[in-house]
Amino acid sequence: MKLRQSRSRQTRDQILGAARELFSRQGYEPTSIDQVASAAKVAKSSVFAHFGDKANLLAALGLGEIEKLAEAGKAEVARADDRPLADQLRALLQPWLSYFCREHAFAGLYLSQSALTRGPHTEAFLDLCWVLEDQVAELFRKSHKGSLSAERAQLLARGVQALFHEVIVFEISGWIVPPESAEIMLGRFLDIWIAGAQQTSIPPDPIA
């Protein structure tokens, strides 16, 4: 049994190593499962057996870094300071933005959440991405010192997420024109959103 598990782990590592090299060298979209299997020196069926499809394979490659980002976000939210909310949100979102600006394939995975094929790796990847929205909501709650309901905070956090998605789309599509950068665009979006949220009353939740 142990020998079988060891071989299975070795096969999985071979597939991940081959996929990482191919995705890095020629891009995610042009790379096929056949190419990954060939480079890993395993049967195509082994790739499907371990990962299901290409999206799950990509998610498996990104999980380690996403876990670090989520953990760092937890520490950021736990910080007790008097920084303006916009600065706290920038500090929370900046590491994620830098990662997605650097790793466009994972940015695409993040942006296409609703269209992803469900599997153990994409589910884990998405769970960690959703942690970010909860962390943004927690910063809104903390900034209002408990006067903001959980529902209102989550609604405001979803707005921030939508703006964050927009910045990523502009960045990976090459639509941001220097000297503006993704960081500057995100900062402007956050300032406008927070100012609007402070000046506009949020309508009551609809009765279920």
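Scroll up a little and you will see the structure.
Residues numbered from 1 in each chain as written. Predicted model: local features only at pLDDT ≥ 70, side-chain atom pairs only at ≥ 80, totals over all residues. Heavy atoms only, no water.

Asks: What should I look at first to understand helix α6 (residues 104-111) in this one?
Replies: For the α-helix, the turn length of 3.6 residues means that residues three or four positions removed from each other point alike. Residues of α6 that are buried: F106, A107, L109 and Y110. In an axial view of α6, the angular spread of the buried residues amounts to 160°, which keeps them on one side of the axis. Residues of α6 that are buried sit in contact with α4 (54-78), α5 (85-102), α7 (120-143) and α8 (150-172). (Buried < 20%, exposed > 50% of the residue type's maximum accessible area, 1.4 Å probe, protein only. Helix = DSSP H or I, 4+ residues; strand = E, 2+ residues; numbered from the N terminus. Arc of directions from axis to C-beta. Contact = heavy atoms within 4.5 Å.)

Asks: Is there a simple way to explain the nonpolar core in this structure?
Replies: Here is a general trend for soluble globular proteins: nonpolar side chains tend to be buried in one another's company. In this structure, L57, W96, F100, F125, F140 and F164 are the most contacted members of the largest nonpolar core, which totals 63 residues. The contacts of W96, once residues within four sequence positions are left out, are I66, L69, A70, L128, C129, L132 and F164. (Core = buried A, V, L, I, M, F, W, Y, C linked by side-chain atoms within 4.5 Å.)

Asks: Sorry, what's going on with the side chain of Q154 here?
Replies: Its place among the elements puts Q154 in helix α8. On the basis of relative accessibility, which here comes to 16%, the residue Q154 falls in the buried class. Excluding its chain neighbours within four sequence positions, the residues that come into contact with Q154 are E133, D134, A137 and R141.

Asks: Help me understand the packing of aromatic side chains in this model?
Replies: One pair of aromatic rings is described through two measures. These are the centre distance and the angle between the planes. Per the counting criterion, the structure on display carries seven aromatic pairs. Residues Y99 and F100 carry aromatic rings whose centres are separated by 5.5 Å and whose planes lie at 50° to one another, so their mutual orientation is tilted. According to the relative accessible area criterion, Y99 is buried, its value standing at 4%. A centroid spacing of 4.7 Å and a plane angle of 20° characterise the contact between F100 and Y110, whose relative ring orientation is stacked. Of this pair, F100 sits in helix α5 while Y110 is found in helix α6, placing the two residues ten residues apart along the sequence. Residue F100 is classed as buried on the basis of its relative accessible area, which comes to 0%. Residue classification places Y110 among the buried positions, given a relative accessible area of 0%. Clustering of aromatic rings is evident, with ring pairs tying together W96, Y99, F100, F106, Y110 and F164. (Phe/Tyr/Trp six-rings, centres within 6.5 Å; stacked < 30°, edge-to-face > 60°.)

Asks: Please clarify how the packing of α5 against α8 should be interpreted in this entry.
Replies: Helix packing geometry: the angle between the two helix axes and the distance between the axes. Put simply, α5 and α8 touch, their axes get as near as 10 Å, and they point 30° apart. Taken together, α5 and α8 sit at an angle that is classed as roughly parallel. Between α5 and α8 lies a crossing whose hand is right-handed. Along its contact with α5, which presents L93, W96, L97, F100 and C101, the element α8 presents V160, F164, V167, I168, E171 and I172. Its residues assigned to classes, the contact of α5 with α8 shows ten nonpolar, no polar and one charged. (Axes fitted to C-alpha atoms, helices over the stretch in contact; angles between N-to-C directions. Parallel < 35°, antiparallel > 145°, perpendicular 65-115°, else oblique. Left-handed = near helix turned anticlockwise from the far one by under 90°. Nonpolar A, V, L, I, M, F, W, Y, C, P; charged D, E, K, R; others polar.)

Asks: Would you mind showing me how to read the pattern of salt bridges here?
Replies: When the charged atoms of two side chains lie near each other, side chains of opposite charge can form a pair. In this structure the tally under the stated criterion is twelve salt bridges. The partner of D81 in a salt bridge is R83, and the shortest N-O contact between them spans 2.8 Å. Its salt-bridge partner being R141, residue E138 comes within 2.7 Å of it at the nearest N-O pair. Taken together, the positions of E138 and R141, both in helix α7 and three residues apart, correspond to about one turn of that helix. Classification of R141 as partly exposed rests on a relative accessible area of 23%. Through salt bridges with shared partners, a single ionic network connects E76, R79, D81 and R83. (Salt bridge = Lys/Arg side-chain N within 4 Å of Asp/Glu carboxyl O.)

Remember, this is a structural readout, not a statement about activity or role.
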